[in-house]
Amino acid sequence: MDFLTLFAIYVVVVVTCIVLVCKYSGQQQTPFSILLNSVGKVIAPITPKWLQNLSQRTLHRLFHQRNNMFIYLHILLEVAVYAEFTYEVFGFCREMDTTLISLSVPYILLLIKSVFFYLCIKRDPGTVTKKKVAGQIHVYPYDRKLFHPGTTCPTCQLLKPARSKHCRVCNRCVQRFDHHCVWVNNCIGAQNTRYFLLYLFSVCAMAGDIAVLTADMLLHAVLRSGLMMASYIDEYGDKQLAGLMFVVQHLFLTFPRVVFMLGFLVFVFFLLAGYALFHFYLAVVNQTSNEWYKSRGYVCQHCHPGTGTADDPRHPAPDHSKRYYYSRGVLRNIREIFLPPQPGHKKDK
Ligand SMILES: *[C@@H]1O[C@H](CO)[C@@H](O)[C@H](O)[C@H]1NC(C)=O
Ligand SMILES: [Zn+2]
Ligand SMILES: [Zn+2]
């Protein structure tokens, strides 16, 4: 395969990843979903009906019904990266005297990550049930801004505790609802936000660590090949240094899969690091993603998105100046994530 073909495949895969990630992040109004919708409208007249129906049904099943597709995809990507790491990078690193300890760190991180991943999937996020709702109501006071007392969920027919939200994918109300995550096929709520945070950080660590080891390997490969010092004679007969493009091309051709993996890992790392930091920030200021969106006026609990305005006395626009006024200090906020107040017991004051 020549360099250009390889590079084209590479770009296509990276772009596909970005597309997938933007789609899954699930917030209804990402610029990307708006773009996708308009693209869909443009190509709709030229696609056959059965294909439209099929893709609509597939999308619906993927994003609006509970399914394990993304868990499988997650495991598949992980197996691919670890197989490649073990098969090509590990041996090369051993040859250049990287210690066994630093080479085993990715496997340890994988183990740790799998535990949190499993807990995110299996843990009940804090479903509001008929039996528990009386206790769950008392966990958080209603702020009368984002959450109003006496609201009933039209689907579950249960009183809505403050900070809860009905998850349309799982068809249940969840306490301290954050968001529904398709990658773990579960809601993130009061009882599993801590696992979700730890999971995010461990995936970042995993991607970052393998990326560093791989980059180190490629660097050694370049140094060993002597390409940095190499030169060639150009068409005018002058001596030219090989240069960076030459080195990149050489690496692409000698270790196509390793370079490919490194690109993927760097992409995943920055994306997830941003996402993890956002969730860490939310934890520190005692907010859920749901509240963050609401307090920015993206979603109004009573109306359809974007209809809550200052002119409407029933649904005043959210007060932006007091966005974090629930926070009782960073440490207490973090503690609440890791030791969530249990329904039934009154919260310690
Ligand atoms: C977090 O915010 C809620 C209201 O949204 C409040 O009831 C609770 O006491 C706050 N917790 C901390 C630790 O500040
Ligand atoms: Zn509900
Ligand atoms: Zn859900």
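Let me begin by describing the structure that accompanies this report.

Rules of the game
Residues numbered from 1 in each chain as written. Chains lettered and ligands numbered in written order. Predicted model: local features only at pLDDT ≥ 70, side-chain atom pairs only at ≥ 80, totals over all residues. Heavy atoms only, no water. Donors = N, O, S within 2.8 Å, 3.2 Å for Na, K, Ca; no water. Tetrahedral: all angles 85-135°; square planar, octahedral: opposite > 155°, others 65-115°. Helix = DSSP H or I, 4+ residues; strand = E, 2+ residues; numbered from the N terminus. Buried < 20%, exposed > 50% of the residue type's maximum accessible area, 1.4 Å probe, protein only. Near = heavy atom within 4 Å. Polar contact = N/O pair within 3.5 Å; in protein donor to acceptor, adjacent residues only side chain to side chain. Areas by Shrake-Rupley, 256 points an atom, 1.4 Å probe, with all protein chains shown as cover. Patch = residues over 30% accessible without salt bridge, like charges linked within 9 Å, V, L, I, M, F, W, Y side chains within 5 Å. Salt bridge = Lys/Arg side-chain N within 4 Å of Asp/Glu carboxyl O.

### Structural notes on the coordination of the zinc ion (ligand 2)
Then comes step 1: Bound to the zinc ion (ligand 2) are the protein donor atoms Cys153 (SG), Cys156 (SG), His166 (ND1) and Cys173 (SG), situated 2.0 to 2.3 Å from the metal.
Then comes step 2: Every donor counted, the 4 donor atoms about the zinc ion (ligand 2) form angles of 104 to 118 degrees at the centre, which fits tetrahedral coordination.
Then comes step 3: Between consecutive donor residues of the zinc ion (ligand 2), the sequence gaps follow C-x2-C-x9-H-x6-C. Remark: His166 occurs in strand E1 (residues 165-167) and Cys153 occurs in the loop between helix H6 (133-136) and E1; sequence separation between them is 13 residues. No difference in accessibility class separates Cys153 from His166, as the two residues are buried.

### A look at the site of ligand 1
Then comes step 1: Around ligand 1, 11 residues are found, and the nearest of them are Asn286, Tyr326, Arg328, Asn333 and Glu336.
Then comes step 2: A distance of 3.2 Å separates an oxygen atom of ligand 1 from a polar atom in the side chain of Arg163.
Then comes step 3: Measuring from a nitrogen atom of ligand 1, one finds a side-chain N or O atom of Glu336 at 2.9 Å.
Then comes step 4: Protein coverage of the free-state accessible area of ligand 1, which is 360 Å², stands at 92%.

### Details of a nonpolar patch on the surface
Then comes step 1: Residues Leu35, Val39, Val42, Ile43 and Ile46 make up a contiguous nonpolar surface patch of about 500 Å² in total accessible area.
Then comes step 2: The topology assignment puts Val42 in helix H2 (residues 31-43).
Then comes step 3: Take Val42: its relative accessible area is 63%, and that puts it in the exposed class.

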